[in-house]
Amino acid sequence: MVRKSYLLVAILGVMFLFAACESKTSSPESGDNSSHFIDHINTGCANGIEAVAIDYDHAYLQGYYFEEDTLTLDIHFLANCCPGFIEVVEILQNTISIEVMDTLYDCRCICSYDNEFRFLWGHPGEVEISFQSTYWSGSSPVSSFDTLIVLSH
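A brief structural summary. Given the structure is predicted, the values throughout are model-derived calculations rather than measurements.

So, on to the overall build of the chain. The helix and strand inventory of the chain stands at one helix and nine strands. In the chain, the succession of helices and strands from N to C terminus is α-β-β-β-β-β-β-β-β-β. Burial statistics for the chain: of 153 residues in total, 29% are counted as buried. Pairs at least 24 apart in sequence give 70% of the contacts found in the chain among residues at least 6 apart.

So, about the nonpolar core. Residues Leu71, Leu73, Phe77, Ile98, Phe117 and Phe131 are the most contacted members of the largest nonpolar core, which totals 25 residues. Those elements that provide at least two residues to this core are strand S4 (70-80), strand S6 (95-102), strand S7 (110-120), strand S8 (125-134) and strand S9 (141-151). Here this core takes five residues from S4, the largest share from any one element. Excluding anything up to four places from it in sequence, Leu71 contacts Tyr64, Tyr65, Phe66, Ile96, Phe117, Arg118, Phe119, Trp121, Ile149 and Leu151.

Turning to the pattern of salt bridges, a few remarks are in order. Applying the stated rule across the entire model yields one salt bridge. Between Arg118 and Asp39 there is a salt bridge whose closest N-O contact spans 2.8 Å. Residue Arg118 is found in strand S7, and its partner Asp39 is found in strand S1 (residues 36-41); the two are separated by 79 residues along the sequence. Note on Arg118: relative accessible area 28%, which makes it partly exposed.

Reading guide: rules and limits
Residues numbered from 1 in each chain as written. Predicted model: local features only at pLDDT ≥ 70, side-chain atom pairs only at ≥ 80, totals over all residues. Heavy atoms only, no water. Helix = DSSP H or I, 4+ residues; strand = E, 2+ residues; numbered from the N terminus. Buried < 20%, exposed > 50% of the residue type's maximum accessible area, 1.4 Å probe, protein only. Contact = heavy atoms within 4.5 Å. Core = buried A, V, L, I, M, F, W, Y, C linked by side-chain atoms within 4.5 Å. Salt bridge = Lys/Arg side-chain N within 4 Å of Asp/Glu carboxyl O.

Have a look at this one:
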């Protein structure tokens, strides 16, 4: 009976050690996993349809909003006026890369867009943003930009 008691105490001790080690190793990683892409809100053509011969590389960050744990990027860019957008977003530490691809490209006209891209973003500090709109993945960008912002609460 005494052996069973020692064995039970030893098993509980080992379980306690594993639980203590697990909580210490997982908490620092939670900051890295707290950022992810939520959605892209397409508001449609902002200023009407433009001729195809306009200056293509015309994209910029109009503004950004950081409230509690949500980061919203308001991005102005050019794309086809009959788009079927698919976004590819990659987040690595404090860098956000956004590629908006037009999967339809049905029309022979270009529009300017003022769209929002929302992220769950739990930490202030510097954020590098890289954006491009393309016809399809790997094609030359229709419009693009790179910028750096500083988030604070």
